[in-house]
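# Inside the fold
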Amino acid sequence: MCTAESVQERLWRTVGFLREHQGIIDCHVVDFLWDNHWQKLLPSALREELEANAEEILKDLHTILSSNSSSAYKHLENFLTNAKQHSLSAFSGTTTLDEFLPESKASSVGLKVADFMTPKKMHEVKSAARLISWLCSQARKPTIVVDAGDGKGYLSSCLAFEHNLPVIGLEANADYQKSARNRVAKLKKKWKVPEREDNYKSLAVTVTSELRIGELSQDLFSTEQQQNFCLSGLHTCGDLAVNCLEIFTRDANVRFLCNIGCCYNLLTRFPLSHFLRNHGFTLSDKARMLACQSLNKIIAQETLPKDSLHFRALFEQMLKEKFPLRDFQQVGKVRSDNFIDYFKLCCDKMNLNYFYTDEELREKLTTYDRRRFDLFYVLRSSLAAAIEAVILLDRVLHLIEECEASEVNLVEIFQPEISPRCYALVAVKK
């Protein structure tokens, strides 16, 4: 269980760490060349070590990133280790799903809601449903699950049919809601389990902090007994996660909360806790965008930045060299695996004449050292987990501040290499 003291202490240390690297987290990688991030933002000792060993480090990069043993590159190792120490994986207040839950029993009938799901989605749905089902089993009164941002109904249908729980799926996107209903209809036809067919209800609703869940449920699940509610959300984007927290703190009948947030770049409400607000800490839009990245994904997939990102940085430098006094709108997505074609597509999109010849572009590309960009990108990505830690710990602390009688936990619910946004904020009103 998380306590106010432990969360505040951890937050303050991580905030201090992020402030040390403010320039890196607040930069835009497409300005890497133009703003000379390599010289201006990296500590000199680390930069010199990388310059002297760039080829060898990149060759062994994924081993270096995934290894817990010491590395020959001490400054790089120190940077990566310090970043990891400020992630949630190093916070003693978190727990794994298996540690959090007692040994769970299997569903009473042999239904397995795996239809129409990717392996990633199946992993997420099964793990989230297991946790939510256990939470509901702890209630003394009947409990209805309300799934915020129901999407195509993956989680809600699993809860309704496999775990036999009454569920209300709330989804503002009409197309998603239609897909969810079609999927549920197919599942009903396949299984023919009439006693569970009425478990799932769907509403076209935009979830705001003022939503009154009790009123929504009255017409859907008629009962004379007062209900408990479990408010769930599997990868609730941006402020939707914040709205779910606000509903939990305001509505006494919402006894359980299981929220897995995502899309931190879409957040407009941060920080939430009095603690961070009183200290005047905030995150830039670029820092919140960075929080969406995953070093685990880079390690698992053994990937480095795509050519298009390198091309974008090159184009940005050339654009600002040629037109230093002009402001341009963002180029947006341009896809090409050839730099000359990429350059021309960008110019066409921006209504510009081709201000470099093909020969000049080839020369630019020949003299460009992509190794520095790759290394900087990885170093910056290693800070993402610390930013995510601040966002999620701020939410934990907000719940502790606003609901003193609640027990709040951070549960690592997914395997991070499969689903990078892997932490569930779980709260129970005592």
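Residues numbered from 1 in each chain as written. Predicted model: local features only at pLDDT ≥ 70, side-chain atom pairs only at ≥ 80, totals over all residues. Heavy atoms only, no water.

What follows is about the overall build of the protein. Each helix and strand in the protein was counted, giving 20 helices and eight strands. Over its C-alpha atoms, taken along the principal directions, the protein stretches across nearly 75 × 45 × 40 Å. Within the protein, residue pairs in contact and separated by at least 24 positions form 77% of the contacts whose partners lie at least 6 positions apart. When the accessible surface of the protein is totalled, it reaches about 20800 Å², and 47% of it is carbon and sulfur. Mean positive and mean negative side-chain charge positions of the protein (54 and 56 charges, respectively) differ by 5 Å. (Helix = DSSP H or I, 4+ residues; strand = E, 2+ residues; numbered from the N terminus. Contact = heavy atoms within 4.5 Å. Areas by Shrake-Rupley, 256 points an atom, 1.4 Å probe, with all protein chains shown as cover. Lys, Arg positive; Asp, Glu negative; His and termini not counted. Charge placed at Lys NZ, Arg CZ, Asp CG, Glu CD.)

Okay, the packing of helix α16 (residues 307-322) against helix α17 (residues 339-349) next. Between two packed helices, the angle of one axis relative to the other and the distance separating the axes together describe the packing. Between α16 and α17, the least distance of the axes is 10 Å, while the angle of their chain directions is 55 degrees. The angle between the axes of α16 and α17 places the two elements in the oblique class. Two packed elements cross with a definite hand, and for α16 against α17 that hand is right-handed. On α17, the residues touching S308, F311, R312, L314, F315 and M318 of α16 are F339, Y342, F343, C346 and C347. Classifying every residue of the contact of α16 with α17 gives nine nonpolar, one polar and one charged. (Axes fitted to C-alpha atoms, helices over the stretch in contact; angles between N-to-C directions. Parallel < 35°, antiparallel > 145°, perpendicular 65-115°, else oblique. Left-handed = near helix turned anticlockwise from the far one by under 90°. Nonpolar A, V, L, I, M, F, W, Y, C, P; charged D, E, K, R; others polar.)

Attention now moves to the pattern of salt bridges. Pairing is possible between side chains that carry opposite charge, provided their charged atoms lie close to one another. This structure, assessed with the given rule, holds 17 salt bridges. A salt bridge links K121 to E124; its shortest N-O distance comes to 3.5 Å. Of the two residues, K121 and E124 both sit in helix α8 (residues 119-137), three residues apart, roughly one turn of that helix. For K121, a relative accessible area of 24% corresponds to the partly exposed category. (Salt bridge = Lys/Arg side-chain N within 4 Å of Asp/Glu carboxyl O. Buried < 20%, exposed > 50% of the residue type's maximum accessible area, 1.4 Å probe, protein only.)

Turning next to the side chain of S202. Position of S202 among the secondary structure elements: in strand β4 (residues 200-203). For S202, a relative accessible area of 10% corresponds to the buried category. Residues within four places of S202 in sequence aside, it is in contact with G169, Q177 and R181.

Right, let's talk about the environment of S336 for a bit. With respect to the helices and strands, the residue S336 is situated in the loop between α16 and α17. Sequence separation of S336 and H163 is 173 residues, and the distance between their C-alpha atoms is 47 Å. Apart from residues lying up to four places away in sequence, S336 is in contact with F311, D341, Y342 and L345. A distance of 3.2 Å separates a polar side-chain atom of S336 from the backbone oxygen of N338. (Polar contact = N/O pair within 3.5 Å; in protein donor to acceptor, adjacent residues only side chain to side chain.)

Moving on, we get to the side chain of T236. Within the secondary structure, T236 sits in strand β5 (residues 228-237). By relative accessible area, which is 1% here, T236 ends up buried. Reaching out from T236, the side chain makes a polar contact with the side chain of N259 at a distance of 3.1 Å. For T236, the residues in contact, after removing those within four places along its chain, are A148, A241, N259, I260, G261 and C262.

Summed over all chains, the structure comprises 14 aromatic pairs. Between F270 and F281 the ring centres are 6.5 Å apart and the planes differ by 80 degrees, which places this aromatic pair in the edge-to-face class. With F270 in the loop between β6 (254-262) and α13 (274-278) and F281 in the loop between α13 and α14 (285-290), this residue pair connects regions lying eleven residues apart in the sequence. When the centroid spacing of 6.4 Å and the interplanar angle of 70 degrees are considered together, the rings of F343 and Y356 count as edge-to-face. With F343 in helix α17 and Y356 in the loop between α17 and α18 (358-367), the pair connects residues that are 13 residues apart, well separated along the chain. (Phe/Tyr/Trp six-rings, centres within 6.5 Å; stacked < 30°, edge-to-face > 60°.)

This part is about the pairing of β6. Where burial is concerned, most of β6 is hidden: eight out of the nine residues are buried. Relative to β6, β5 runs parallel, the two being bridged by eight bridges. For C230, the partnering residue across the bridge sits in β6 and is F256. Taken together, β5, helix α12 (residues 239-250) and β6 constitute a β-α-β crossover, and its handedness is right-handed. (Pairing = 2+ DSSP bridges. Right-handed = clockwise from strand over helix to strand, strands pointing away.)

To continue, consider the environment of I400. As for its placement among the helices and strands, I400 is situated in helix α20 (residues 384-402). Looking at I400, the relative accessible area reads 16%, which means it is buried. Leaving out residues up to four positions away in the same chain, I400 has contacts with C2, T3, A4 and V408.

Let's shift gears to helix α9 (residues 154-162). Burial of α9 is extensive: nine of the nine residues sit out of reach of the surface. Buried residues of α9: Y154, L155, S156, S157, C158, L159, A160, F161 and E162, and no others. Buried residues in α9 make contact with α8, β2 (143-148), β3 (167-170), α10 (174-191), β4 and β5. Looking one or two places after α9, you find N164, whose phi comes out positive at around 55 degrees.

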